[in-house]
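# Overview (structure and organization)
Listed below are the residues making up each chain.
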Amino acid sequence: MRDQNCLFCKIIAGEIPSSKVYEDEYVYAFRDINPQAPVHILVVPKEHIASVAQLEESNSLYAAKCLEAVAKIAKAEGLEKGYRVISNCGEDAGQTVFHLHFHILGGVKMAEKMV
Ligand code: 5GP
Ligand code: ZN
């Protein structure tokens, strides 16, 4: 199910252009428009799920498929030295697009570490 007002649902549908890096039945992945590292890719489920907070038994397969895709994409992008996977969940975490997404950040030795 898509949300008519959701930016990432529009990107998945091809209504807004994106730089696609991977796609399968469950997942769409594309380069972030405002990269925070040499490699900055967003991995999103093809189902509109607002954030991690909305995951439950009926839709958690999408989250698993997203993380499988993260592993595949990281290999394809040559990130064997490591990368960070981030999902901002909700306002306090700074989430700006309310369609679940996993940021893949890599291609550089990261200096700051929050956890
Ligand atoms: P959040 O802040 O919700 O964790 O992440 C949203 C991300 O989406 C941000 O990193 C932002 O740069 C990216 N973004 C916002 N609009 C677009 C867009 O139209 N195209 C692409 N490729 N990325 C976008
Ligand atoms: Zn959406």
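### Some remarks on the environment of serine 19
Along the polypeptide, serine 19 turns up in the loop between helix 1 (7–12) and strand 1 (20–23). Given a relative accessible area of 37%, serine 19 falls into the partly exposed group.

### Quick look at the pattern of salt bridges
Across all of its chains, the model carries five salt bridges by this definition. A salt bridge links glutamate 23 to lysine 20; the shortest N-O distance between them is 2.8 Å. Among the residues examined, glutamate 23 registers a relative accessible area of 34% and is labelled partly exposed. Across the pair glutamate 68 and lysine 65 runs a salt bridge whose closest N-O atoms are separated by 3.8 Å.

### Remarks on the coordination of the zinc ion (ligand 2)
Any two of four tetrahedral donors ideally make an angle of 109.5 degrees at the metal, while pairs among six octahedral donors ideally make 90 or 180 degrees. Bound to the zinc ion (ligand 2) on the protein side are Cys6 (SG), Cys9 (SG), His48 (ND1) and His99 (ND1), at distances that span 2.0 to 2.3 Å. Because the angles between the four donor atoms bound to the zinc ion (ligand 2) fall within 107 to 115°, the donor set is best described as tetrahedral.

### Details of the sheet that holds strand 2 (residues 27–31)
Reading across the sheet, the five strands line up as 1-2-3-5-4 and stay open at both edges, with antiparallel pairing between neighbours. On the outer flanks of this sheet lie strand 1 and strand 4 (83–86), each paired with one strand and no other. Adjacent strand axes in the sheet meet at a mean angle of 20°, parallel and antiparallel pairs treated alike. Relative to strand 2, strand 1 is paired through three bridges, and the arrangement is antiparallel. Bridge assignment links lysine 20 to a residue of strand 2, and that residue is phenylalanine 30. Contacts between helix 2 (residues 60–76) and the sheet are confined to strand 1, strand 2, strand 3 (39–45), strand 4 and strand 5 (102–106), with strand 3 contributing the most and set at about 155° to the helix.

Calculation rules
- Residues numbered from 1 in each chain as written.
- Chains lettered and ligands numbered in written order.
- Predicted model: local features only at pLDDT ≥ 70, side-chain atom pairs only at ≥ 80, totals over all residues.
- Heavy atoms only, no water.
- Helix = DSSP H or I, 4+ residues; strand = E, 2+ residues; numbered from the N terminus.
- Buried < 20%, exposed > 50% of the residue type's maximum accessible area, 1.4 Å probe, protein only.
- Salt bridge = Lys/Arg side-chain N within 4 Å of Asp/Glu carboxyl O.
- Donors = N, O, S within 2.8 Å, 3.2 Å for Na, K, Ca; no water.
- Tetrahedral: all angles 85-135°; square planar, octahedral: opposite > 155°, others 65-115°.
- Pairing = 2+ DSSP bridges.
- Axes fitted to C-alpha atoms, helices over the stretch in contact; angles between N-to-C directions.
- Contact = heavy atoms within 4.5 Å.

As far as function goes, none of this settles anything; it's purely spatial.
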